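Each chain, letter by letter, is given below.
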Amino acid sequence: MRIFSGMRPTGKLHLGHLFGVLNNWIDLQNKGNDCFFCIADWHALTTEFQDTKSIEPNIREMLIDWLAAGLDPKKSTIFLQSQVKEHSELYLLLGMITPLGRLERNPTYKELKQEITDRDLSNFGFLGYPVLQAADILLYKGEAVPVGQDQLPHLELTREIVRRFNNVYGKTFPEPRALLTQSPKVNGVDGRKMSKSYGNAILLSDSEEQVRAKIREMVTDPKRARRQDPGDPDTCNLYPLHEILSTQKTIGDVRKGCTTAGIGCVDCKGLLLPSLLAPLKQIRERREEIASSPKTLDRVLEEGAERAHKIAAETMKEVRKAVKLHG
Ligand code: TRP
Ligand code: SF4
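Everything quoted here is computed from the prediction, not taken from an experiment.

(A) Focus on the site of ligand 2. Taken together, the residues surrounding ligand 2 are T220, D221, R224, C236, L238, C258, C265 and C268. Here the residues of the shell around ligand 2 are counted per class, giving five nonpolar, one polar and two charged.

Here it is, written out as structure tokens:
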């Protein structure tokens, strides 16, 4: 199956990225799918256009995390969006058939515009964000798109654009479907959505000491004020990590111990730590190895762009013909 997905280069990744999407990508890759993973630097520009200096280091840090976590450039095509210019051409053409009102009603657009108040986001590029995302996916005729829940509105819009394109110009693109992870959602240390901007994230690059300290301060069931109060794993911020990382036996023990006040939150965190620290240690070690050879990173992107470009150029030939354009 042709898999396509991408991330904006936001720098160092956290556990939310790992369990929410990245592990899903690695799984799909290792099951032998034909995977394309795109670092969407033009997408970063839609909001960071005034201050672009962090984009480059953010690309680097994110790529290091991808590779350290297990994305493999021998199996997957890993590339930088701006190195494959066809993305911009298809974006332009898709823009012609995308109704303006549909973009203005996009829930993600409305939310972000309210959330981000330190910048003026009334630029054309930001409104067109999901059209560029549609172009990303369609250039490679992606059939399945592993993303987080928050991307579903964008996927829906991509499907609408496909239907319209195929209607107007003849069947060209498949309708991609979203692939969500089965993993429970992990929150940040303070119980809100894990996000670097909230300062509540556990990063893949954190040292063992940092991870221990963050788990120590992690908010648990807020109603469990004293050790002798029974807790409720289903309202606890830590429990999802057990569900993801611990053995069935430990998960059972934790649930029983928590609801009967047999164990305290400190014990519970102690039960989690080894199964969290081990995979992070592996990622950290690989991170160091990769970071020490910047040439490798350049080569990954170069080869990725070359492979991506081949497919993208073929698709654009077909698209230009469908639209009846020269070239
Ligand atoms: N919008 C996605 C995000 O914020 C990133 C992205 C860009 C993407 N292009 C894509 C995701 C294509 C899936 C497919 O994470
Ligand atoms: Fe959460 Fe564990 Fe404390 Fe229960 S015992 S509230 S599951 S940390």
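Still more to cover.
(B) The site of ligand 1, seen in detail. Around ligand 1, 14 residues are found, and the nearest of them are R8, Y129, Q133, D136 and Q151. Y129 is positioned with one of its side-chain polar atoms (N or O) 2.7 Å from a nitrogen atom of ligand 1. Note that a nitrogen atom of ligand 1 is positioned 3.0 Å from one of the side-chain N or O atoms of Q151. With the chains in place, 93% of the 360 Å² that ligand 1 exposes on its own is no longer accessible. Elements with a minimum of two residues in the shell around ligand 1: β1 (2-7) and α8 (129-139). Of the residues that constitute the shell around ligand 1, the class distribution is seven nonpolar, five polar and two charged.

(C) Geometry of the packing of aromatic side chains. Enumeration according to the criterion identifies nine aromatic pairs in this entry. Pairing W25 with W66 gives two aromatic rings, centres 5.1 Å apart and planes at 80 degrees, and the pair type is edge-to-face. With W25 in helix α1 (residues 15-30) and W66 in helix α3 (residues 55-69), this pair connects stretches of sequence that are 41 residues apart. Of the residues examined, W25 reaches a relative accessible area of 1% and is grouped as buried. Residue classification places W66 among the buried positions, given a relative accessible area of 0%. For the pair Y109 and F126, a centre-to-centre distance of 5.5 Å together with 40 degrees between the ring planes defines the contact as tilted. You can see Y109 sitting in helix α6 (residues 107-115) and its partner F126 sitting in helix α7 (residues 124-127), a full 17 residues away along the chain. Summarising the burial analysis for this pair, Y109 and F126 share the class buried. Ring pairing ties together the aromatic residues F4, F36, F79 and Y140, which thus form one cluster.

What counts as what
- Residues numbered from 1 in each chain as written.
- Chains lettered and ligands numbered in written order.
- Predicted model: local features only at pLDDT ≥ 70, side-chain atom pairs only at ≥ 80, totals over all residues.
- Heavy atoms only, no water.
- Near = heavy atom within 4 Å.
- Nonpolar A, V, L, I, M, F, W, Y, C, P; charged D, E, K, R; others polar.
- Polar contact = N/O pair within 3.5 Å; in protein donor to acceptor, adjacent residues only side chain to side chain.
- Areas by Shrake-Rupley, 256 points an atom, 1.4 Å probe, with all protein chains shown as cover.
- Helix = DSSP H or I, 4+ residues; strand = E, 2+ residues; numbered from the N terminus.
- Phe/Tyr/Trp six-rings, centres within 6.5 Å; stacked < 30°, edge-to-face > 60°.
- Buried < 20%, exposed > 50% of the residue type's maximum accessible area, 1.4 Å probe, protein only.

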